[in-house]
Amino acid sequence: MTVRIGVIGAGMIGQDHIRRLTEVITGAAVTAVTDIDRARATEVASRIGAATPPTGSDLIHSPDVDAVLVTSWGPTHAEHVLDAIAVGKPVFCEKPLATTAEDCLRIVEAERAHGRHLVQVGFMRRFDAGYRQMKDVLTSGAVGTPLIVHCAHRNPTVPDSYVSAMAAQDTAVHEIDVLRWLLDDEISSVQVITPRATGKRFSHLKDPQIMLFETANGVRIDLEVFVNCQYGYDIQCETVGEDGLVRLPDPAAVGIRAAGRHGTGVLQDWKGRFGDAFDTEFREWIASVAAGTEPTGPSSWDGYAATVITDAAVQSLESGGQVITVDMKPRPAFYGATS
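Computed from a predicted model, the values in this text were never measured in an experiment.

## Overview of the sheet that holds strand β1 (residues 3-8)
So, point 1. Spatially, five strands are ordered β2-β1-β3-β4-β5 in an open sheet, and the strand pairing comes out parallel. With one partner strand each, in any of the chains shown, β2 (28-34) and β5 (119-122) form the two edges of the open sheet. When the angles between neighbouring strand axes are averaged without regard to direction, this sheet yields 20°.
So, point 2. Inspection of the sheet shows strand β4 (residues 91-94) paired to β5 by four bridges, in the parallel sense. In the sheet register, cysteine 93 faces β5, and the bridge partner there is valine 121.

And the structure:
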């Protein structure tokens with residue numbers, strides 16, 4: 001079976017996923033593309049012979065679309081996901097699921113009322129080989145009960161449009177999701193503190209930031225978010241347990257000996273670091289749609305949880321570093337006992 005995909009949003013990430021679905025993943029065909037920029041949608045669709053419905057709703061209701069990929073502007077996500085649920089079509093939504101907790105809950109309730117899991121949220125780190133190995137180690141009990149997690153998320157630079165709240169909403173949100181999954185635990189409080197700021201930033205931005213989380217089971221997590229580190233794109237994660245620790249491996253790279261030095265290159269962007277994870281994410285999603293089974297990736301509830309936790313982080317940042325309790329609704333049994 002070839003799964004016919006309709007893509008809402010033909011920007012950078014939308015076009016990258018279209019390339020993935022048409023050139024990398026088997027069993028999928030992009031049959032429709034729409035974007036608020038009609039000329040861009042037409043140009044992208046013409047390369048792959050896809051239709052260009054005038055609106056997201058037209059695309060979702062098209063008989064030539066089996067499943068929907070939402071990569072449009074964040075505030076439009078809830079509208080398109082709810083529309084896909086209403087017609088019973090599987091929908092993959094890039095993060096955020098929605099820009100408000102209230103809209104995330106609307107999606108959760110709509111999916112529960114439908115009675116079947118249709119939504120997957122695009123947190124790709126759960127599909128990264130290193131994180132999956134860490135998950136296996138923690139699940140096996142090889143390092144004992146987790147006690148502390150140390151993380152870092154570093155980017156070489158960010159544009160002027162990047163504001164302080166985005167450190168939680170756009171950057172740390174990936175750690176928030178993957179840590180809930182790694183630990184099978186929920187984040188219950190957050191504190192954001194700002195050390196001495198780097199001079200290599202735009203003046204409106206607080207960078208770096210240190211985010212401190214506590215889980216329901218008492219695990220303490222520290223996360224350094226440094227988006228102007230200059231030297232590269234660097235993702236670190238180490239979980240300390242009662243009997244040992246497990247550390248996320250750095251991407252494999254050749255060692256170079258030259259000019260009296262020995263070193264390895266450092267990746268410069270997220271595409272190089274998580275390209276394989278994106279491929280695996282879509283490969284598994286397409287397989288679930290083709291088989292008529294429920295998606296195995298992050299759910300609507302995970303999208304809601306991430307939004308509530310990032311909201312608390314922004315509140316802590318704006319309060320000057322107060323500890324903020326995460327105000328999350330009870331998890332419905334529909335979404336299982338853990339993340």
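This is not the end of the story, as more comes after the structure.
## So, helix α6 (residues 129-140)
So, point 1. In this model α6 runs 17 Å from its N-terminal to its C-terminal C-alpha over 12 residues, within 8% of the 16 Å that 1.5 Å per residue would give.
So, point 2. Considered for burial, the residues of α6 that qualify are Gly130, Tyr131, Met134, Lys135 and Leu138. Buried residues in α6, looked at end-on, bunch into an arc of 140°, giving them a common side. Of the residues in α6, the exposed ones pointing more than 90 degrees away from the buried face are Asp136, Thr139 and Ser140.
So, point 3. With a side-chain oxygen lying 3.1 Å from the backbone nitrogen of glycine 130, the N-terminal cap of α6 falls on aspartate 128.

## Notes on the packing of helix α1 (residues 12-24) against helix α8 (residues 270-291)
So, point 1. Orientation of α1 relative to α8, taken along the N-to-C sense of each, is 60°, at an axis distance of 11 Å. When the interaxial angle is binned, α1 and α8 end up oblique. For the crossing formed where α1 meets α8, the hand is right-handed. In contact with Met12, Ile13, His17, Arg20, Leu21 and Val24 of α1, α8 contributes Trp270, Lys271, Gly275, Phe278, Asp279, Phe282, Arg283 and Ile286.
So, point 2. Its residues placed into classes, the contact of α1 with α8 shows eight nonpolar, two polar and four charged.

## Quick look at the pairing of strand β10 (residues 234-241)
So, point 1. Within β10, six of the eight residues are buried, which leaves the element mostly enclosed by the surrounding structure.
So, point 2. Counting the residues between successive antiparallel strands, the hairpin from β10 to strand β11 (residues 245-247) contains three residues.

## Some details on the environment of aspartate 302
So, point 1. Positionally, aspartate 302 belongs in helix α9 (residues 300-318).
So, point 2. Its relative accessible area of 3% is what places aspartate 302 among the buried residues.
So, point 3. When the C-alpha atoms of aspartate 302 and phenylalanine 334 are compared, they prove to be 12 Å apart, with 32 residues separating the residues in sequence.
So, point 4. Of note is the side chain of aspartate 302, whose polar atom sits 2.9 Å from the backbone nitrogen of serine 299.

## Concerning unusual backbone geometry
So, point 1. Omega for the bond connecting lysine 95 with proline 96 falls within 30 degrees of zero, at 0°, which places this linkage in the cis form.
So, point 2. By the element assignment, proline 96 lies in the loop between β4 and α5 (101-114).
So, point 3. In this chain, aspartate 207 is followed by proline 208 through a cis amide linkage whose omega measures 5°.
So, point 4. In this structure, proline 208 sits in the loop between β7 (187-193) and β8 (209-215).
So, point 5. One non-glycine residue with positive phi stands out, namely aspartate 184, at about 50°.
So, point 6. Residue position: aspartate 184 is located in the loop between α7 (166-183) and β7.
So, point 7. On the basis of relative accessible area, aspartate 184 is assigned to the partly exposed category, the value being 35%.
So, point 8. Unlike most non-glycine residues, glutamine 230 shows phi in positive territory, near 80°.

## Some thoughts on the sheet that holds β11
So, point 1. With mixed pairing, the seven strands of this open sheet are ordered in space as β11-β10-β6-β9-β8-β7-β14. Only two strands of the sheet have a single neighbouring strand rather than two, namely β11 and β14 (324-325).
So, point 2. Here α7 sits on the sheet in contact with β6 (146-154), β7, β8, β9 (220-226) and β10, set at roughly 150° to β6.

## Details of the nonpolar core
So, point 1. The biggest cluster of nonpolar side chains holds 79 residues, and the ones touching the most others in it are Val68, Ile107, Tyr131, Met211, Phe213 and Cys237.
So, point 2. A per-element tally of this core places α7 first, with 11 residues.
So, point 3. Val7, Ala41, Ala67 and Phe282 belong to the second-largest nonpolar core, a separate cluster that totals 21 residues.

Parameters at a glance
- Residues numbered from 1 in each chain as written.
- Predicted model: local features only at pLDDT ≥ 70, side-chain atom pairs only at ≥ 80, totals over all residues.
- Heavy atoms only, no water.
- Pairing = 2+ DSSP bridges.
- Helix = DSSP H or I, 4+ residues; strand = E, 2+ residues; numbered from the N terminus.
- Axes fitted to C-alpha atoms, helices over the stretch in contact; angles between N-to-C directions.
- Expected span 1.5 Å × (residues − 1).
- Buried < 20%, exposed > 50% of the residue type's maximum accessible area, 1.4 Å probe, protein only.
- Arc of directions from axis to C-beta.
- Polar contact = N/O pair within 3.5 Å; in protein donor to acceptor, adjacent residues only side chain to side chain.
- Parallel < 35°, antiparallel > 145°, perpendicular 65-115°, else oblique.
- Left-handed = near helix turned anticlockwise from the far one by under 90°.
- Contact = heavy atoms within 4.5 Å.
- Nonpolar A, V, L, I, M, F, W, Y, C, P; charged D, E, K, R; others polar.
- Core = buried A, V, L, I, M, F, W, Y, C linked by side-chain atoms within 4.5 Å.

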